[in-house]
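# Per-entry structural report
So the chains spell out like this:
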Amino acid sequence: MILGFLTIAQAAGETANDTVGIVGGTGARAIIFGLVTGIAFGAILQRVGASSYGMIVNMLRLKDLTIMKFFFLAVGAGSLGIYLVDAVGTAHIGIAPLYLLGITAGGLIFGVGWALSGYCPGTSLVAMGEGKVDAAFTVLGGLAGALTLALTWDWIKPALVDPLNYGPKNLPDVLGVKPLLVATVLTAVIVIFVMYLDRLGKSHKPTTGETRGTTASS
Amino acid sequence: MDLSNEQALSRKRLNWVAGGILLGLLNTFAVATYGALGASRNYVVVDGFIARLLGSDISTANSYLSQMPSQADWLLMVGLGMIVGGFLAALATGTLNMRSVPRLWISRFGDSKPKRFASAFAGGFLLLLGARVAGGCTSGHVLSGVAQLSIAGFLFGAAIFASGIPTAKLLYRKKES
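Residues numbered from 1 in each chain as written. Chains lettered and ligands numbered in written order. Predicted model: local features only at pLDDT ≥ 70, side-chain atom pairs only at ≥ 80, totals over all residues. Heavy atoms only, no water.

### What to know about the overall build of chain A
- Helices and strands together make up the secondary structure of chain A, namely ten helices and two strands.
- When the elements of chain A are put in sequence order from the N terminus, they spell out α-α-α-α-β-α-α-α-β-α-α-α.
- When burial is assessed residue by residue, chain A has 49% of its 218 residues classed as buried. (Helix = DSSP H or I, 4+ residues; strand = E, 2+ residues; numbered from the N terminus. Buried < 20%, exposed > 50% of the residue type's maximum accessible area, 1.4 Å probe, protein only.)

Pasting the structure below:
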């Protein structure tokens, strides 16, 4: 499957030379760094259990918040790290445009798919690599969903993306505060929040019969 | 797989503190080298590749697919790496898992493969439809977006939990308690 994927990528690459939509470059160094970064990303998600249907669904049922704590902490640590790098050198920061309708509607649709599949677009790839057969169906469904969006883009864009579109907006600009300061405060808030969630989970565990469900690893 | 094996497997996991810090460091490394981590865009790129291989012209004629790269870039390799990384990590720790239906799903909906595959496919469809309408997913909008203090990321993060939590609770409603 992986070999097939590479072959497709190479075959497609041979037929085109344009640079539209490229993220991070197409040179040999970019290709190797991307692959290594992806392997590390996939390995971390697998080792923590984020590619487990049971862990994701039990998080959304608010029965086991392990993945929520992991993910929020990663956001906080990443924020501090990114803006430390930004403060001393070059960081490849890219802020997404803020369009209220499409992001809200898209997020709400995404949440339903998240609870139904028990995967994300990224963790389904990891779970497929682990051998989980249902995750391969989520990836196929994802390809179909992405294609459906592409085929309906000319209707969706004027309805959900163009109205109430404020362009790229980030918190430090809106607040008029230095990014590193905002990142530090966000990280501190996240650390306090995940510690609170952790304490909440520990005080709950012995009193409920749900602990069995929390060990669901598949 | 019996329960004691399941518990042994989950005990072998990396704890969330170490995992969270490692992923934060990895995201910092990514942004310092090439760009922020993301997953959902690659689905559109692969759709374009498949269309091209099938001889369809929609990868250039379609207004959305034509905005996508027609060759492998850094971000596409991240996606490929995630599959490899999941495989290698599972192989190294003896946690390769070729199951079709998750245990928690069986406890609620039974062990029918077609039923689970249909839900996994439909879920994937909604995931990528929603992510592409919003312009990113859990990786791009939240892990990377919120870390970069993007307001779109905060909004997307709130929206996915706002529908994900009630949907999961509804799917697993009643049944003993």
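### Brief notes about the overall build of chain B
- A tally of helices and strands in chain B yields nine helices and zero strands.
- Taken from the N to the C terminus, the helices and strands of chain B come in the order α-α-α-α-α-α-α-α-α.
- In terms of overall dimensions, chain B has C-alpha extents of about 50 × 35 × 35 Å along its principal axes.
- Across chain B, contacts joining residues at least 24 apart in sequence account for 50% of those joining residues at least 6 apart.
- Of the accessible surface of chain B, which amounts to about 6,600 Å², a share of 66% is contributed by carbon and sulfur atoms.
- Side-chain charges in chain B split into 16 positive and 7 negative, and the spacing between the mean points of these groups amounts to 7 Å. (Contact = heavy atoms within 4.5 Å. Areas by Shrake-Rupley, 256 points an atom, 1.4 Å probe, with all protein chains shown as cover. Lys, Arg positive; Asp, Glu negative; His and termini not counted. Charge placed at Lys NZ, Arg CZ, Asp CG, Glu CD.)

### With respect to the interface of chain A and chain B
- With 141 residues of chain A at the interface, the matching set in chain B holds 128 residues.
- Here chain A meets chain B over a buried area of about 12,000 Å², counting both sides, of which 73% is carbon and sulfur.
- The tally of links between chain A and chain B comes to two salt bridges.
- Notably, a salt bridge pairs D134 of chain A with R99 of chain B, separated by 2.6 Å at the nearest N-O pair.
- On inspection of chain A and its partner chain B, the count reaches 40 residue pairs in polar contact (both at pLDDT 80 or more).
- Tallying contributions element by element places helix α7 (residues 133-161) of chain A first for the side of chain A that touches chain B, with 22 residues.
- Among the residues forming the side of chain A that touches chain B, the class breakdown is 85 nonpolar, 43 polar and 13 charged. (Buried area = accessible area lost by both parts, 1.4 Å probe. Salt bridge = Lys/Arg side-chain N within 4 Å of Asp/Glu carboxyl O. Polar contact = N/O pair within 3.5 Å; in protein donor to acceptor, adjacent residues only side chain to side chain. Nonpolar A, V, L, I, M, F, W, Y, C, P; charged D, E, K, R; others polar.)

### Considering the nonpolar core
- Core analysis: the largest hydrophobic core is formed by 102 residues, its most contacted members being F41, L60, F70 and W114 of chain A together with L23 and F161 of chain B.
- Residue contributions to this core peak at ten residues, all from helix α4 (residues 66-88) of chain A.
- Excluding residues that lie within four positions of it along the chain, W114 of chain A makes contacts with I56, M59, L60, Y119 and C120 of chain A together with L127, T138, I160 and F161 of chain B. (Core = buried A, V, L, I, M, F, W, Y, C linked by side-chain atoms within 4.5 Å.)

### Some points on helix α3 (residues 41-53) of chain B
Residue and element names in this part refer to chain B.
- An ideal rise of 1.5 Å per residue puts 18 Å on 13 residues; α3 measures up with 19 Å between its terminal C-alpha atoms.
- Of all the 13 residues making up α3, ten are buried; the element is thus mostly covered by neighbouring parts of the structure.
- Residues R41, N42, Y43, V44, V45, V46, D47, G48, F49 and A51 constitute the buried set of α3.
- Of the residues trailing α3, G55 is marked for its positive phi of about 80°. (Expected span 1.5 Å × (residues − 1).)

### Some details on helix α6 (residues 123-130) of chain A
- For α6 of chain A, a buried count of eight out of eight residues is recorded, marking the element as mostly surrounded by other parts of the structure.
- Residues of α6 of chain A that are buried sit in contact with α2 (28-48) and α7 of chain A together with α3 and α5 (74-92) of chain B.
- At the C-terminal side of α6 of chain A, G131 of chain A shows a positive phi close to 110°.

### Some thoughts on the environment of A51 of chain B
Residue and element names in this part refer to chain B.
- Along the chain, A51 falls in helix α3.
- In sequence terms A51 and L65 are 14 residues apart; their C-alpha atoms lie 9.8 Å from each other.
- Setting aside anything within four residues of it in sequence, one finds A51 in contact with S56 and I58.

### Structural notes on the pattern of salt bridges
- Enumeration over the complete set of coordinates arrives at seven salt bridges over all chains.
- Between R116 of chain B and D134 of chain A there is a salt bridge, and its shortest N-O distance comes to 2.8 Å. In this pair, R116 of chain B sits in helix α7 (residues 113-134) while D134 of chain A sits in helix α7, so the two residues belong to two different chains. The pair R116 of chain B / D134 of chain A is uniform in exposure class, with both members buried.
- With a shortest N-O distance of 3.3 Å, D162 of chain A and K157 of chain A are connected by a salt bridge.

### Structural notes on unusual backbone geometry
All names here are of chain A.
- Here L62, not a glycine, exhibits a phi torsion of approximately 60°, which is positive.
- With respect to the secondary-structure elements, L62 resides in the loop between α3 (53-60) and α4.
- Classification of L62 by relative accessible area gives partly exposed; the value is 44%.
- Phi at L164 is positive, roughly 50°, even though this residue is not glycine.

### Quick notes on the side chain of S163 of chain B
- For S163 of chain B, the position within the fold is in helix α9 (residues 151-171).
- Apart from the residues lying within four places of it in its own chain, the contact partners of S163 of chain B are G107, L108, G111 and V112 of chain A.

### Observations concerning the packing of aromatic side chains
- One pass over the structure, following the stated rule, counts 13 aromatic pairs over all chains.
- On the numbers, 4.1 Å between centres and 10° between planes, the contact of F137 of chain A with F117 of chain B is stacked. Highlighted residues: F137 of chain A in helix α7 and F117 of chain B in helix α7, drawn from two different chains.
- Judged by relative accessible area, which is 27%, F137 of chain A ranks as partly exposed. (Phe/Tyr/Trp six-rings, centres within 6.5 Å; stacked < 30°, edge-to-face > 60°.)

### A few points about the confidence of the model for chain B
- In this model, chain B carries an average pLDDT of 93, and 92% of its residues clear a pLDDT of 70 or more.
- Scoring the predicted complex yields pTM 0.90 and, for the interface, ipTM 0.94. (pLDDT = per-residue confidence, 0-100.)

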